[in-house]
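# Examination of the molecular architecture
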Amino acid sequence: MTTTPKIRELLGLRAIGARQRRAERKLDFIGIGAQKTGTTTLHQLLDLHPQIEMYRRKELHWFEKDKQFGDDHRPKAGTYDDLHRHFYFDRQITGEITPVYIYWRHAVERIHAYNPDIRIFVLLRSPVKRAYSQWGHYVRKSRRPKFRNLNIGPFQKRVRREIEAMQRNPDYQNVRRSQIGRSLYANQIRRVKALFPPEQLLFVKSEEFFADQLGVTDDVCRFLGVAPLSDFGHPAPVHDNVGVVPPIGIDDWNAAYEHLAADIDAVEQELGWDCSDWRRPPAPKNDDKQNA
């Protein structure tokens with residue numbers, strides 16, 4: 001009798017031999033960014049693949065924990081046991097997705113110190129829309145009882161405060177106040193490319209993923225060295241995040257774009273992409289047309 005991976009986990013069968021595998025193997029891949037670019041959907045699709053083991057909840061956040069790493073980018077504990085305990089290593093390849101890694105200083109260096117042969121993929125979305133979506137994420141979060149004390153404020157105000165903080169401190173980084181910082185892709189791309197050879201890197205334009213989830217997931221699978229997901233089925237498109245804020249308007253778009261325009265040019269140079277769609281402002285709303 002054969003059992004599916006989920007049933008095997010319920011039966012406790014996946015734990016058989018896991019201790020030895022954790023000592024012998026390493027993660028084969030990590031998706032390192034960016035936030036609000038479709039990584040949750042990609043995680044869900046890769047988790048359906050019978051040859052891939054994903055971290056069960058997405059976003060392990062292991063390599064960004066500054067206090068547990070030394071100056072050599074290796075764990076102060078001397079081992080990676082705390083990382084490996086989250087995985088069974090019972091499939092062809094094992095990995096996870098934590099979108100903050102590409103943004104968080106030294107996270108990529110720590111990944112390289114862990115496994116210089118690891119494969120890395122990155123999703124990149126229109127930086128203006130990514131910034132606005134991040135703001136919307138925290139607006140949505142602040143409406144939950146648990147986070148009702150979060151003071152999010154208007155999008156333009158948050159952008160202005162972040163820019164002021166970045167001007168005061170060139171090394172500024174903040175998980176929540178990073179609408180612009182996380183959208184400045186070029187230096188993040190350069191840091192990754194400086195550590196890993198081209199054959200271990202895959203950069204994906206999120207707009208292409210949004211248009212063809214299964215097709216792009218198949219491309220990611222091929223990059224990771226496993227069969228395309230479509231060989232095992234054709235799952236329906238995933239639409240995980242439901243917005244609670246209106247689509248971005250021209251004023252909010254302009255407030256972010258002025259800080260991101262030059263970086264879009266740099267991304268095109270780094271990746272050879274055509275990012276003209278990232279420069280396209282939103283269409284005016286009906287009431288804006290009437291008042292024009």
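Just above, that's the structure.
Residues numbered from 1 in each chain as written. Predicted model: local features only at pLDDT ≥ 70, side-chain atom pairs only at ≥ 80, totals over all residues. Heavy atoms only, no water.

### Things to note about the overall build of the protein
Short version of the rule: Only DSSP runs of H or I covering at least 4 residues are called helices, and only runs of E covering at least 2 are called strands; the numbering of each starts at the N terminus. Each radius of gyration is computed over the set of C-alpha atoms, and the globule rule expresses the reference value as 2.2 Å times the number of residues to the power 0.38. Remark: exposure states derive from per-residue accessible area (1.4 Å probe, protein chains only) relative to the maximum for the residue type, with buried under 20%, exposed over 50%, and partly exposed in between. Should any heavy atoms of two residues lie within 4.5 Å, those residues are considered in contact. Using a 1.4 Å probe, accessible areas were evaluated by the Shrake-Rupley method; residue-level cover was limited to the displayed protein chains. We score Asp and Glu as negative and Lys and Arg as positive, and we do not count His or the chain ends. All charge positions are set by atom: Lys at NZ, Arg at CZ, Asp at CG, Glu at CD.
When helices and strands are tallied, the protein shows 12 helices and 5 strands. For 292 residues, the compact-globule formula gives about 19 Å, and the C-alpha radius of gyration of the protein, at 20 Å, lands near that figure. Scored against the burial criterion, the 292 residues of the protein give a buried share of 49%. Once local pairs closer than 6 in sequence are excluded, the contacts in the protein between residues at least 24 apart make up 76%. When the accessible area of the protein is evaluated, it comes to approximately 15200 Å², of which 49% is carbon and sulfur surface. Looking at the protein, you have 47 positive and 38 negative side-chain charges, and the mean spots of the two groups are 7 Å apart.

### Topic: the packing of helix α6 (residues 127-142) against helix α11 (residues 250-271)
To keep things clear, this is the line we draw: Lines fitted to C-alpha atoms define the axes here, with helix axes fitted over just the stretch in contact, and angles between the N-to-C directions of these axes take values from 0 to 180 degrees. Each angle gets one of four labels, with under 35 degrees taken as roughly parallel, over 145 as roughly antiparallel, 65 to 115 as roughly perpendicular, and the rest as oblique. By definition, turning the near helix anticlockwise from the far helix through less than a right angle yields a left-handed crossing, and turning it clockwise yields a right-handed one. Basically, the charged four are Asp, Glu, Lys and Arg, the nonpolar ten are Ala, Val, Leu, Ile, Met, Phe, Trp, Tyr, Cys and Pro, and anything else, Gly included, counts as polar.
At their nearest, the axes of α6 and α11 sit 8 Å apart, and the two run at 130° to each other. In terms of axis orientation, α6 runs oblique to α11. Between α6 and α11 lies a crossing of right-handed hand. Residues Pro127, Val128 and Tyr132 of α6 lie in contact with α11, whose contacting residues are Asp252, Trp253, Ala256, Tyr257, Leu260 and Ile264. Residues that form the contact of α6 with α11 fall into these classes: 8 nonpolar, no polar and 1 charged.

Remember, this is a structural readout, not a statement about activity or role.
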